[in-house]
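Residues per chain, in single letters:
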Amino acid sequence: MFIQTEATPNPATLKFIPGRIVLEGGTMEFANREAAARSPLATRLFDVPGVTSVFYGSDFVTVTKDSSDWQHLKPSILGAIMEHYMSGAPLLADGIAASDEAADEEDEFFNEADAETVATIKDLIETRVRPAVANDGGDITFRGFKDGIVYLNMKGACAGCPSSTATLQHGIQNLLKHFVPDVVEVRPM
């Protein structure tokens, strides 16, 4: 098994590509060891000292570290991913590979009168933003819309990335303002 690695815009996060499907649909984030308990792979990755977050995309795993050096962490992370796939263990202990998207949608907030505007915003995020940030090992999801402000959740490599503010304000905000005149600002949550 050959696992490729790619740098991301976030120096604390690396993207690992195992050459097979990781998650059938959507994304899944494990921000701590407790959240990782439902995934044997995430648990193995959190066993590597220095790992602070694990994120699954369709065909990649991104791992975020503390101040540790990648040179020391990378071999252990590659080993953990390889061991997981060679063992034949499921991605999730309960066997249910539901992404975070259902939970994300439950927490959304917006005024029902803005439903059409929100549908346009979500479509733009889905078709133009998410594919681009997935290339960088992350994800951005819609959280809410209130008083012209779009609230987004940054995941994977996007969470804590030094360039995320620029991405939000210059990229996503400009895109949404161009297509949706009601948008005045974009903020992370």
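Presented here is an overview of the structure given in this document. All values derive from a computational prediction rather than experimental measurement.

### Details of the sheet that holds strand β7 (residues 138-146)
Across the sheet, which stays open at both edges, the four strands sit in the order β6-β7-β8-β9 with mixed pairing between neighbours. In the strand order of this sheet, the two ends are held by β6 (109-110) and β9 (185-188), each with one partner. Bridge count between strand β8 (residues 149-156) and β9: four bridges; the pairing is parallel. Across the sheet, residue I149 finds its bridge partner in β9, namely E185. Each of β6, β7 and β8 touches helix α5 (residues 115-135); the most contacted strand, β7, lies at about 165 degrees to it. Here helix α6 (residues 164-179) sits on the sheet in contact with β7, β8 and β9, set at roughly 145 degrees to β9.

### Considerations on the packing of α5 against α6
With their axes 11 Å apart at the nearest point, α5 and α6 run at an angle of 130 degrees to one another. Taken together, the axis directions place α5 and α6 in an arrangement best described as oblique. Considering the relative orientation of α5 and α6, their crossing is right-handed. Here I121, L124, R128 and V129 of α5 come into contact with α6, specifically with I172, L175, L176 and F179.

### Side note on the pairing of strand β5 (residues 61-65)
Moving residue by residue along a regular strand, the side chains alternate between the two faces of the sheet. The element β5 is largely enclosed, with a buried count of five among its five residues. Alternating residues of β5 divide into V61, V63 and K65 and T62 and T64, and every residue in both groups is buried. Pairing of strand β2 (residues 13-17) with β5, which is carried by four bridges, proceeds in the antiparallel orientation. When the sheet's bridge partners are listed, K15 is paired in β5 with T62. Pairing of strand β4 (residues 51-56) with β5 involves five bridges; the strand directions are antiparallel. Pairing of F55 across the sheet is with T62, part of β5. Hairpin connection between β4 and β5: a loop of four residues separates the two successive antiparallel strands.

### Let's talk about the pattern of salt bridges
The final tally for this structure, using the stated rule, is seven salt bridges. Between E6 and K15 there is a salt bridge, with the nearest N and O atoms lying 3.8 Å from each other. Judged by relative accessible area, which is 34%, E6 ranks as partly exposed. Here K15 falls in the buried class, since its relative accessible area comes to 6%. Of the charged contacts, one joins R187 and E185 as a salt bridge, the two residues approaching to 3.0 Å between their closest N and O atoms. In this structure R187 comes out as partly exposed when scored by relative accessible area, which is 33%.

### Quick look at the packing of aromatic side chains
Scanning all chains against the criterion turns up four aromatic pairs. Ring centres 6.1 Å apart and planes at 35 degrees place the aromatic pair F55 and F60 in the tilted group. There is no split in this pair, since F55 and F60 are both buried. Look at F109 and Y151: their rings are 5.4 Å apart centre to centre, the planes differ by 50 degrees, and that puts the pair in the tilted class. Taken as a pair, F109 in strand β6 and Y151 in strand β8 lie far apart in primary sequence, 42 residues in all.

How each quantity is defined
- Residues numbered from 1 in each chain as written.
- Predicted model: local features only at pLDDT ≥ 70, side-chain atom pairs only at ≥ 80, totals over all residues.
- Heavy atoms only, no water.
- Pairing = 2+ DSSP bridges.
- Helix = DSSP H or I, 4+ residues; strand = E, 2+ residues; numbered from the N terminus.
- Contact = heavy atoms within 4.5 Å.
- Axes fitted to C-alpha atoms, helices over the stretch in contact; angles between N-to-C directions.
- Parallel < 35°, antiparallel > 145°, perpendicular 65-115°, else oblique.
- Left-handed = near helix turned anticlockwise from the far one by under 90°.
- Buried < 20%, exposed > 50% of the residue type's maximum accessible area, 1.4 Å probe, protein only.
- Salt bridge = Lys/Arg side-chain N within 4 Å of Asp/Glu carboxyl O.
- Phe/Tyr/Trp six-rings, centres within 6.5 Å; stacked < 30°, edge-to-face > 60°.

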